[in-house]
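Structure assessment
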Amino acid sequence: MIKGIAASPGIEIGKAHLIKPQQVDINTEAVIEENIDGEIKRFDEAVGLSKLQLKQIKEKAEKELGADKAEIFGAHLMILEDPVFLDEIVSKIKTESITADNATSQVVKNYVEIFNNLEDEYMKERAADIKDVGERIVKNILGVSTDSFIFSEKVIIIAKDLTPSDTAQMDKDKVLAFATDMGGRTSHTAIMARSLEIPAVVGLVDITEKVQDGDLIVIDGNKGIVSINPDETTLKEYETLKRDYMEYRRQLKELKDLPAETGDKLRRVELSANIGTPRDVKGAIENGAEGVGLYRTEFLYMDRDALPTEEEQFEAYREVIEKMAPRPIIIRTLDIGGDKKLSYLDMPEELNPFMGWRAIRMCLDRPDILKTQLRAILRASIYGNAKIMYPMVSGSEEVCRANAILNEAKQELKAEGISFDENLEVGIMVEIPSAAVTADILVKEVDFFSIGTNDLIQYTLAVDRMNEHISHLYEPLHPAVLRLIKNVIDASHKAGKWTGMCGEMAGDTSATAILLGMGLDEFSMSAPSIPQVKKIIRSLTYEEAQHIAQKALSMDKPEDIRNMVEQEMERIR
Ligand code: PEP
Ligand code: MG
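Calculation rules
- Residues numbered from 1 in each chain as written.
- Chains lettered and ligands numbered in written order.
- Predicted model: local features only at pLDDT ≥ 70, side-chain atom pairs only at ≥ 80, totals over all residues.
- Heavy atoms only, no water.
- Helix = DSSP H or I, 4+ residues; strand = E, 2+ residues; numbered from the N terminus.
- Buried < 20%, exposed > 50% of the residue type's maximum accessible area, 1.4 Å probe, protein only.
- Donors = N, O, S within 2.8 Å, 3.2 Å for Na, K, Ca; no water.
- Pairing = 2+ DSSP bridges.
- Contact = heavy atoms within 4.5 Å.
- Axes fitted to C-alpha atoms, helices over the stretch in contact; angles between N-to-C directions.
- Near = heavy atom within 4 Å.
- Polar contact = N/O pair within 3.5 Å; in protein donor to acceptor, adjacent residues only side chain to side chain.
- Areas by Shrake-Rupley, 256 points an atom, 1.4 Å probe, with all protein chains shown as cover.
- 1 Å grid on protein atoms, 1.4 Å probe; cavity = no way out; pocket = protein on both sides within 12 Å on 5 of 7 lines; lining within 4 Å.
- Sits in = over half its atoms within 2 Å of the grid points.
- Nonpolar A, V, L, I, M, F, W, Y, C, P; charged D, E, K, R; others polar.

1. Concerning the environment of L345
Relative to the assigned elements, L345 resides in the loop between β11 (328–332) and α13 (359–365). In this structure L345 comes out as buried when scored by relative accessible area, which is 7%.

This is how it looks when you write it as structure tokens:
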């Protein structure tokens, strides 16, 4: 049994599918004359195999992820059919007497360099495609397997690390659970897993060294434990735990249609869901979400080879807004950077990507990208109750600049005779300490705040949210974090506005009573957490929650705060 970080709840038992980074060793030796034809044959066969694989992936992706996500594989297939590209490699094998893998890798490298150096965004996007296709051909020449996240049977994925887009691609019917060497609880990989209700344990350091393909694995996402080839007794215990957990979830879901109000009915809050794609709306509604408190639009921009057009974005936003109507939905403008990269945008290599060129900073440097997105949101706003939210705001100047672009978008639409919701609310994420401290200044520019604790905690405590070695220091109940949250809520209420929270802390049951007592108006979380938070809110009176909040704010140590909350909750029950 290995202990890691509990990233997504639930218990699953199944066979391991190990994803190991593949070592690709290019053979750079010269090829003798009589073997040249053999190398060309190896190349042709690898191209044939790559086509077959891509066709299969494309078909599956079309069925399971939709036509837009499958489009990228179509673009890859076109490269494999480009005679200029293929001939160049064959000719290199012949004229330079080198191996098929060496020639492919050199030609691809050359194209990637040329395309990357062009100013044209479109050509830069092609560079990423050629690189992907080139790697596939080389792997097929060398007989190294090419992994994808589409499986024919149910598996438990064991990997060094998974990107958020790997997780987004996972099919819940095929991926039972996953475990990784790296990662923290608030990495986007973990957040996606919670939304998809895929149990996960991360930060296991060397699980990929300990597990073999096909091993029987138990993932306990509640406790953060992975058991490899458990004995009969352990297996039986986990089967019972899994049944009990599913029964507990079923009972919680009975609260679905009840309001999130305190037992004395003196305080009612809104419980909303965080979503990453339109397909998450189903889970949000099933878990009783009263709205979407955070739509992470980044995923619309990922897993593709070009920026999404205004029309594509409009369709996605409209779908989500319509499906959630009349419930409110807060659409966050593009928050790329940090652990979310776009292969087709020329993003700088950064030492501190979470403190780098990301989110609103990038969007203000590329107003064309922001304006396209704002136009799409505005156009979709007439189909329900949409709100706009800017991420990573550090001061009021950024809000003013973003709002100026929003106004331009509105003026353009007016001139074009296109209607939009004129009263659409605009808010910001409070996730940088400077914003939390100056909430009284920022509140003048916005209609609402939403506290992004995932980033707020990492910046306040200087604890990288992705780093498994310091995850014990990542403390939501640190007095500094609680004081900042209180300051933001109070500043908004003083100005007659409201504050929500869309960081993972909103779904952390050890913080529910404190946040409720501090006056938080909206809690937005991974949808499956909604029922348990609702249960706690309904079990408290408003006075009890206020008392717990006051006590928490007067205490010195997170551990004492956690114990106090537990004792108070015990006493109330
Ligand atoms: C946050 O930082 O709390 C947040 C909700 O944004 P993200 O997790 O996408 O950075
Ligand atoms: Mg954030």
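2. A closer look at the coordination of the magnesium ion (ligand 2)
Taken together, the protein donors to the magnesium ion (ligand 2) comprise E431 (OE) and D455 (OD), at separations of 2.0 Å. Remark: D455 occurs in helix α18 (residues 453–461) and E431 occurs in the loop between β13 (426–430) and α16 (433–437); sequence separation between them is 24 residues. The exposure classification of E431 matches that of D455, with both residues buried.

3. Notes on the pairing of strand β14 (residues 448–451)
Of the two faces of β14, the one carrying F448 and S450 and the one carrying F449 and I451 are both buried. Here β13 pairs with β14 via four bridges, running parallel. Across the sheet, G427 pairs through a bridge with F448, a residue of β14. Note that β14 and strand β15 (residues 498–501) share four bridges and pair parallel. Bridge assignment links F449 to a residue of β15, and that residue is T499.

4. Here we look at the sheet that holds strand β2 (residues 5–8)
Pairing between sheet strands relies on hydrogen bonds along the backbone, with the strands arranged either parallel or antiparallel. Spatially, β1-β8-β7-β3-β4-β5-β6-β2 is the arrangement adopted by the eight strands of the open sheet, whose pairing is mixed. Whereas interior strands pair on both sides, the edge strands pair on one side only; in this sheet they are β1 (2–3) and β2. In this sheet, strand β5 (residues 175–180) lies alongside strand β4 (residues 155–159) in parallel orientation, the contact comprising five bridges. Its bridge partner being in β5, V155 is matched across the sheet by V175. Lying over the sheet, helix α7 (residues 188–196) contacts β2, β5 and β6 (200–202), oriented at roughly 50° with respect to β2. Here helix α9 (residues 232–253) sits on the sheet in contact with β3 (11–19), β7 (216–220) and β8 (225–228), set at roughly 115° to β3.

5. So, the site of ligand 1
As a structural note, the neighbourhood of ligand 1 is formed by 17 residues, with H188, R296, G452, N454 and R465 the closest of them. With respect to ligand 1, the backbone of G452 contributes an N or O atom lying 3.3 Å from an oxygen atom. The side chain of D455 places a nitrogen or oxygen atom 3.0 Å from an oxygen atom of ligand 1. Across the complex, the protein chains shield 100% of the 290 Å² of accessible surface that ligand 1 would expose by itself. When atoms are counted within 2 Å of each cavity's grid points, the one that captures over half of ligand 1 is the largest cavity. Those elements that place two or more of their residues in the shell around ligand 1 are α7, β10 (292–296) and α18. Per-element tally for the shell around ligand 1: the top contributor is α18, with three residues. For the shell around ligand 1, a count of residues per class yields four nonpolar, five polar and eight charged.

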